[in-house]
Amino acid sequence: MTQERIAELLESLHGLEYPNQIAPAEEAVHLADRLGDEELAWKARFELLTAAVFGGEPEKALMTFAWLESKSTHDPERFPASKAVLGLFLSQTDLLWGYKWIGLNLPDFVEISRQDIESVLDRMRVQYERHQVSLRPYWAVQARTHRSLGDPASDIREAVTAFNTSTRDVYADCVACEWNFRVEMALLEGDVDRALGLADKMVDGGHSCAEVPHITFSSLVVPAWQAGFQDRARGLHQRGYEMCRGNKDFLVPICDHIDFRLIDGDWPGAHLLLQRHAVWARDTRASWRRLRFLQTALAVAHHAPDNVDLGLPSQFQPVGLAASNPTIVEWRAWLRAEVMRLAGRFDERNGNPSISNEVRKHQESLNVTA
Amino acid sequence: MEHKFQINLGGIIDLLSNHLYSSPGVYLRELLQNGVDAIRARQHKDASHVGSIRLELGMTDDGQPRLVFQDDGIGLTEEETHRFLATIGESSKRGVEAQRADFIGQFGIGLLSCFIVSEEIVMVTRSATSPEFAVEWKGRADGTYTVVTKPGDSVPIGTTVFLRCKKGSEEWFEASRVEELVRKFGGLLPYQIDLVTIEGTRQVNDQDVPWRKSYESRSQEWSALMDFGRRMFNQDFFDCIPLHSEIGQVTGAAYILSYSPNPTAKRAHRVYLKNMLLSEESDNLLPSWAFFVTCVVNTNTLRPVASRESFYEDETLQQTREALGGALRDYLIRLRKHDPERLQALIALHYRAIKALAIHDDDFYQIIIDVLPFETSLGRMSMGDFRARYSPIRYVTSVDTFRQIAQVASSQGLGIINAGYSFDVDLIEKLPLVMDVEIERIDSVDLAENFEELMPDERSDVFELIAVADVALQPSKCAADVKKFKPVELPALFLVNEETKFMRNLENTREVSNDHWATILGSLAETGSPKHYARLCFNFENPLIRKLSRVEDRKVLRTAIQMLYVQALLMGHHPLNANEMALLNTGLLDLIDLAITGPDEGGWVQ
């Protein structure tokens, strides 16, 4: 009966959108654990891993991956790291695929040290080499990790070069994701024209997946506006926001859209989105996502009229604010302190001031003065 | 040095038939497409031209099935015949006319698909632009062809294709199969399509497409649409909604399913491009929340991707999707205003989809939220009814938490909503943003705040119980407490909030993780902090707990506490870790042993 229930739960996932897959996947994992059926628990955890990664609960993805990798390390024959057939076909998520997701999410947690992040990436590389598959996805993760950790641009470029010269195989990201990667890298180099051109080609090619072009459009809204393409930015905002608004995994892209409304002179619109998505920020355990939201909240608060009620949900009430309904002045002070505190923690973890610098640039771009 | 590679026509045909085309039957789709393109081209020159297509099935002299496909479109000149049929990929839509959106198809490639079912294709064509000559083109699967020009007098304007069935393809020339496929691919075409067989001539397409007609009343239109949907999908529907969008030039109808769809089933819509079937599995034309309808629509301008199952995610598609979603939304709002009973019936079937829309659309949310159903500690109830009875709106965010506390909450007279199902948390948390409503997310720890405290003398009675329990449960990072609550049958409740639940899962995973991950998970957990301890709350109203508070034998007390702890975990659907499994096993054996032998002759309770 329990096995049937687990099968039913796992089957039900495919008709649900993210993030609604997390709860049934968790239930399937709990039932499999209670049943003591390790094979079923292994299978259910892969579903939970996917659901958690794409449903915006990366901490659950980390825990799940920890369990999976540990099982595979302990008994690789029963729990193999790769399920690719002859290195040609891969019909389901496996550990090698999971490394890509986990590698990207680790830096979002300020509690996790640089050394631990690098160690997971090392293990990813070892596993890919052991299974004789292309390191292309590893280099994509490496490039993004260097960026997240504030490493020198030369490190990022080196990883991108290695990515470009590695072949595509079954573990390569989907074509849409790779287009998005190119857009990301073009933006990182400050080449907005090229990024927009790449996004056009991506759309013309009909490339899309669960996250693309959602995150691509979102990442382009502010740079496009700042580069003088205001109408283009508005179009990207309209389409990108609609794609992202239903899934808390897109908290950071949503912040881009709120920022866009601010620079486009639509403070009420920015405030509306801030209120609408504040619960996502309240619930996230990923400190980078929280910091990103707080930065945007600070910008909205900074430009708010003095008599306005910021009106964030009561559960979001900043700890340490005495008044039950903080004034906008109190909000500004608290948000600024919180942003600086978290940015400082990231800098300490990264061993460089990159995040504080990023925060400062963000504030400048949105005219948030001290 | 530049080289030119050779194309093997036989290989191309094999590729088409075995890999690119889903079935040999697509040769009929391609013939229809060519015919439709040709008729449109003729209509462009002569707006009064009506256009028709005729298929005739018969036998060749040597007894092989034969199909004659005839259109009265624009026809081809000799020069066009060479150009379009000798060069694969050349299409009649190129050149000046390619700029116009009303020509589709690749004539040569389309005709090539006929080689899947025929060794030889004979095409006789007479162009409306130079009617003095007719052209007979004869092509073979080995890539050779001949062209003969003759006087045009005896040949009608248009194109006739003769196919002689090759061995093994007989089923694709059977009258019933041909009719089925023509109906499927060209059922909505606005041109009369006749099929001639040994039994006579009959029209196979339904030109009575409801959205191309005008009606005297809405009820007539509704009946026509419902009838059309019933015939097309072979099922009855709850209702139908006419669809129309200038953007994307979309017309059609959405049919509301008369059953609750399985959430796992992908909702596929039947989409026609310029009245030719594009896909029966199109999945991105409507908003994702519209999974309570299945649609049949025709579009004239959206761009299909190569697989033909969806459209390019461009701005036109986005705007079209919004327009079509708007039509569904407006329908629901009309029901809310004018036919609340019907809305209730629809909600009973499709509340998930309506909740998904309410999250997406703030205005719709305000109109609909009060009639949406939620599971509560007092049974299923609409938000409106719940709001009328309780303030603040208390809710839990997981089904497990609800299971743990629903019984206790209802015993306390508290109304709690189970927001553990899809969309419910988002719907509830949106309430204070749109109306003056207070909400409160709670968990079992919060619920326990309402439990009755013990009197001072009672507290001294349980001092020993709490002291022993704290020590016994310390390894499980759980603290003990004693309060009074209902139902009295419940001896203990495991109190955990999201934070402690997360920490508990984290600890459980750390236990089985390798060293690398144990370190990383350790970084995520502020281990040892009592604020993350779960609590086991004993119920002093429960007779067993009262008895337990009088047990003096510490071993007995400790074992009983550990067993109550494990039982409370199981009651709350919490997975047991290795330590807790060990507690269960040893505790059970100890209790059996104690029950048989007793701590002394006087029994356990002093």
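What you are looking at is a predicted structure, and each value in this text was computed from that prediction instead of being measured. (Residues numbered from 1 in each chain as written. Chains lettered and ligands numbered in written order. Predicted model: local features only at pLDDT ≥ 70, side-chain atom pairs only at ≥ 80, totals over all residues.)

Peer 1: Just to check I follow, could you spell out the overall build of chain A for this structure?
Peer 2: Helix and strand counts for chain A stand at 17 helices and zero strands. Based on the C-alpha atoms only, the size of chain A along its principal axes is roughly 65 × 45 × 40 Å. With 370 residues in all, chain A has 51% of them scored as buried. A separation of at least 24 residues holds for 62% of the contacts in chain A among residues at least 6 apart in sequence. (Helix = DSSP H or I, 4+ residues; strand = E, 2+ residues; numbered from the N terminus. Buried ≥ 20, exposed ≤ 12 C-beta atoms within 10 Å, placed from the backbone. Contact = placed C-beta atoms within 7 Å.)

Peer 1: Help me understand the overall build of chain B, please; the structure alone is not making it clear to me.
Peer 2: Secondary structure summary: chain B contains 20 helices and 21 strands in total. Relative to its full complement of 606 residues, chain B shows a buried share of 39%. Sequence-distant contacts, at least 24 apart, represent 65% of the contacts inside chain B between residues at least 6 apart.

Peer 1: Can you help me understand the sheet that holds strand 13 (residues 293-299) of chain B in this one?
Peer 2: Sheet strands pair via backbone hydrogen bonds, and the direction of the pair is either parallel or antiparallel. Residue and element names in this part refer to chain B. Within the open sheet, the five strands sit side by side as 9-10-13-11-12. Their pairing is mixed. The sheet terminates laterally at strand 9 (237-245) and strand 12 (276-282), the two strands that pair on one side only. On average, adjacent strands in this sheet sit at an angle of 15 degrees to one another, irrespective of strand direction. As paired strands, strand 9 and strand 10 (residues 250-257) are joined by eight bridges and run antiparallel to one another. Among the inter-strand pairings, aspartate 239 is bridged to a residue of strand 10, identified as isoleucine 256. (Pairing = 2+ DSSP bridges. Axes fitted to C-alpha atoms, helices over the stretch in contact; angles between N-to-C directions.)

Peer 1: What is the right way to look at unusual backbone geometry in this model?
Peer 2: The linkage connecting Val212(A) with the following residue, Pro213(A), adopts the cis geometry, with an omega of 15 degrees. Residue placement: Pro213(A) occurs in the loop between helix 10 (192-204) and helix 11 (214-226). Going from Lys486(B) to Pro487(B), the amide bond is cis rather than trans, its omega being 0 degrees. Following the sequence through the fold, Pro487(B) ends up in the loop between strand 19 (478-483) and strand 20 (492-495). For Asn275(B), which is not glycine, the phi torsion reads 75 degrees and is therefore positive. Judged by the 19 C-beta atoms lying within 10 Å of it, Asn275(B) falls in the partly exposed class.

Peer 1: Which parts of the structure should I look at to understand the packing of helix 4 (residues 58-74) of chain A against helix 16 (residues 498-512) of chain B?
Peer 2: Helix packing for two helices is described by the angle between their axes and how far apart those axes are. As a packed pair, helix 4 of chain A and helix 16 of chain B sit with axes 9 Å apart at the nearest point and diverge in direction by 15 degrees. For the element pair helix 4 of chain A / helix 16 of chain B, the angle class is roughly parallel. Helix 4 of chain A and helix 16 of chain B meet at a crossing whose hand is left-handed. On the side of helix 4 of chain A, the interface is formed by Met63(A), Ala66(A), Trp67(A) and Ser70(A), while helix 16 of chain B contributes Asn505(B), Leu506(B), Thr509(B) and Val512(B). Of the residues contributing to the contact of helix 4 of chain A with helix 16 of chain B, the split by class is five nonpolar, three polar and no charged. (Parallel < 35°, antiparallel > 145°, perpendicular 65-115°, else oblique. Left-handed = near helix turned anticlockwise from the far one by under 90°. Nonpolar A, V, L, I, M, F, W, Y, C, P; charged D, E, K, R; others polar.)

Peer 1: Which parts of the structure should I look at to understand the sheet that holds strand 16 (residues 393-396) of chain B?
Peer 2: Residue and element names in this part refer to chain B. The strand order across the open sheet formed by five strands is 15-14-17-16-18, and the pairing between neighbours is mixed. Looking at strand neighbours, the two that pair on one side only are strand 15 (379-382) and strand 18 (439-441), the edges of this open sheet. Relative to strand 18, strand 16 runs parallel, the two being bridged by three bridges. Paired with tyrosine 395 across the two strands is arginine 441, which belongs to strand 18. On the sheet, helix 12 (residues 424-434) packs against strand 14 (373-376), strand 16, strand 17 (417-418) and strand 18 and is oriented at approximately 140 degrees with respect to strand 18.

Peer 1: Explanation requested: the pairing of strand 3 (residues 118-126) of chain B in the structure shown.
Peer 2: Each regular strand shows side chains that alternate between the opposite faces of the sheet. Residues and elements named next belong to chain B. By the bridge criterion, seven bridges tie strand 3 to strand 6 (residues 158-165) in an arrangement that is antiparallel. Within the sheet, the bridge partner assigned to arginine 126 lies in strand 6 and is glycine 158. Taken together, the seven bridges between strand 3 and strand 4 (residues 133-140) define a ladder with antiparallel strand orientation. In the sheet register, arginine 126 faces strand 4, and the bridge partner there is alanine 134.

Peer 1: Before we go on, may I ask you to explain the packing of helix 7 (residues 315-338) of chain B against helix 8 (residues 340-360) of chain B in this structure?
Peer 2: Residue and element names in this part refer to chain B. At a minimum axis separation of 10 Å, helix 7 and helix 8 run at an interaxial angle of 140 degrees. Here helix 7 lies oblique to helix 8, going by the angle between them. Between helix 7 and helix 8 the crossing geometry is left-handed. Touching Arg329, Leu332, Leu335 and Arg336 of helix 7 are Pro340, Arg342, Leu343, Leu346, Ile354 and Leu357, all from helix 8.

Peer 1: Would you mind going over the pairing of strand 8 (residues 200-203) of chain B with me for this structure?
Peer 2: Residues and elements named next belong to chain B. Summarising the sheet, strand 7 (residues 192-197) and strand 8 pair through four bridges and their orientation is antiparallel. For threonine 197, the partnering residue across the bridge sits in strand 8 and is glycine 200. Hairpin connection from strand 7 to strand 8: two residues lie between these consecutive antiparallel strands.

Peer 1: Honestly, the interface of chain B and chain A in this entry has me stumped. Any pointers?
Peer 2: When the parts of a complex come together, some accessible area is lost, and that lost area is often used as the size of the interface. Each side of the interface is counted separately: chain B has 36 residues, and chain A has 36 residues. When contributions to the side of chain B that touches chain A are tallied by element, the ones reaching two or more residues are helix 7, helix 8, helix 12, helix 16 and helix 17 (515-524) of chain B. A per-element tally of the side of chain B that touches chain A places helix 17 of chain B first, with seven residues. Residue classes in the side of chain B that touches chain A are distributed as 16 nonpolar, 15 polar and five charged.

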